[in-house]
Amino acid sequence: SQKIEQNSEALNIQEGKTATLTCNYTNYSPAYLQWYRQDPGRGPVFLLLIRENEKEKRKERLKVTFDTTLKQSLFHITASQPADSATYLCAQGGATNKLIFGTGTLLAVQP
Amino acid sequence: NAGVTQTPKFRVLKTGQSMTLLCAQDMNHEYMYWYRQDPGMGLRLIHYSVGEGTTAKGEVPDGYNVSRLKKQNFLLGLESAAPSQTSVYFCASSQARIRGNEKLFFGSGTQLSVL
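*Asks:* An account of the packing of aromatic side chains is needed here, citing residue identities and associated values.
*Replies:* Per the counting criterion, the structure on display carries 13 aromatic pairs over all chains. Between Phe-101 of chain A and Phe-106 of chain B, the ring centres sit 6.0 Å apart and the planes meet at 75°, which makes this aromatic pair edge-to-face. Of the two residues, Phe-101 of chain A is situated in strand β10 (residues 99-101) and Phe-106 of chain B in strand β10 (residues 105-106); the pairing between them involves two chains. By relative accessible area, Phe-106 of chain B is classed as buried at 12%.

*Asks:* An account of the layout of surface pockets is requested, with residue identities and associated values reported.
*Replies:* Here the largest pocket defines a volume of roughly 480 Å³. Taken together, 26 residues make up the lining of the largest pocket; nearest its centre are Gln-38 and Gly-41 of chain A together with Gln-37, Val-88 and Phe-90 of chain B. Mapped by element, the contributors of at least two residues to the lining of the largest pocket are β11 (105-110) of chain A together with β4 (31-38), β9 (87-94) and β11 (110-114) of chain B. In terms of residue count, the dominant contributor to the lining of the largest pocket is β9 of chain B (three residues). Its residues assigned to classes, the lining of the largest pocket shows six nonpolar, 16 polar and four charged.

*Asks:* Can you tell me about the interface of chain A and chain B, naming the residues and giving the values?
*Replies:* On the side of chain B, 24 residues touch chain A, which itself brings 20 residues to the contact. A buried area of about 1,800 Å², summed over both sides, lies between chain A and chain B, and 56% of it is on carbon and sulfur atoms. Summed over the shared surface of chain A and chain B, the result is zero salt bridges. Viewed at the interface, chain B and chain A are joined by three residue pairs in polar contact (both at pLDDT 80 or more). Looking at the side of chain A that touches chain B, the elements that each hand over two or more residues are β4 (32-38), β5 (45-51), β9 (86-93) and β10 of chain A. For the side of chain A that touches chain B, the element with the highest residue contribution is β4 of chain A, accounting for four residues.

*Asks:* Residue-level account of the sheet that holds strand β3 (residues 19-26) of chain A, with values.
*Replies:* Residues and elements named next belong to chain A. What the five strands build is an open sheet, ordered β1-β3-β8-β7-β6; its pairing is antiparallel. The outermost strands of the open sheet, each flanked by one partner alone, are β1 (3-6) and β6 (56-59). Across the sheet, the mean angle from the axis of one strand to that of its neighbour is 15°, orientation sign disregarded. The pairing of β6 with strand β7 (residues 62-67) spans four bridges and is classified as antiparallel. Paired with Glu-56 across the two strands is Thr-65, which belongs to β7.

Conventions we followed
- Residues numbered from 1 in each chain as written.
- Chains lettered and ligands numbered in written order.
- Predicted model: local features only at pLDDT ≥ 70, side-chain atom pairs only at ≥ 80, totals over all residues.
- Heavy atoms only, no water.
- Phe/Tyr/Trp six-rings, centres within 6.5 Å; stacked < 30°, edge-to-face > 60°.
- Helix = DSSP H or I, 4+ residues; strand = E, 2+ residues; numbered from the N terminus.
- Buried < 20%, exposed > 50% of the residue type's maximum accessible area, 1.4 Å probe, protein only.
- 1 Å grid on protein atoms, 1.4 Å probe; cavity = no way out; pocket = protein on both sides within 12 Å on 5 of 7 lines; lining within 4 Å.
- Points joined across faces, edges and corners; volume = space filled by probe spheres on them.
- Nonpolar A, V, L, I, M, F, W, Y, C, P; charged D, E, K, R; others polar.
- Contact = heavy atoms within 4.5 Å.
- Buried area = accessible area lost by both parts, 1.4 Å probe.
- Salt bridge = Lys/Arg side-chain N within 4 Å of Asp/Glu carboxyl O.
- Polar contact = N/O pair within 3.5 Å; in protein donor to acceptor, adjacent residues only side chain to side chain.
- Pairing = 2+ DSSP bridges.
- Axes fitted to C-alpha atoms, helices over the stretch in contact; angles between N-to-C directions.

Okay, here's the thing in structure tokens:
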């Protein structure tokens, strides 16, 4: 079955540094990967989508890469701010009408 | 523009009780979904709907029923609640069929506790 894995350990970084989160997938080669942000007590909010033929996608301070050889996507936040603290979810498109979500990685940006 | 609205936000049930969660979207989206989110498990799809009057099973459908009588509403029912159904429930919608390239819009969630 399709599986998507994210580092379950929280990532703590200093304000101003670049945060890098990892998403690995197995058993399936998705055509797309999506990244969402989730704040405590709130629903996930869509951030970025990257296609398999796109090696990199950018949106303001966010950058996502897609490496089909490594079966991995990296999510970067440059010049991180305390307001970036949240849980970030990776999701892959499945063969049916659903997205497969990872468990998310909690990012804490210290001032 | 409210987006996706879920009611209620919190609910406590006793084992065996029934309840219905309501999801409403005002974006004229065709597709709607119910997920549950548990610690360490991620978001898991319960049921989904590809249009008014249609429903389909997701990854963890047992113990739940759904209905989509109107395009804008998607109801999730628990006929006989069990402690294993204690979770946070999220409704989501999308404009078109998920092939991985259609983003989901989520509601703010319902925290359900079954004692």
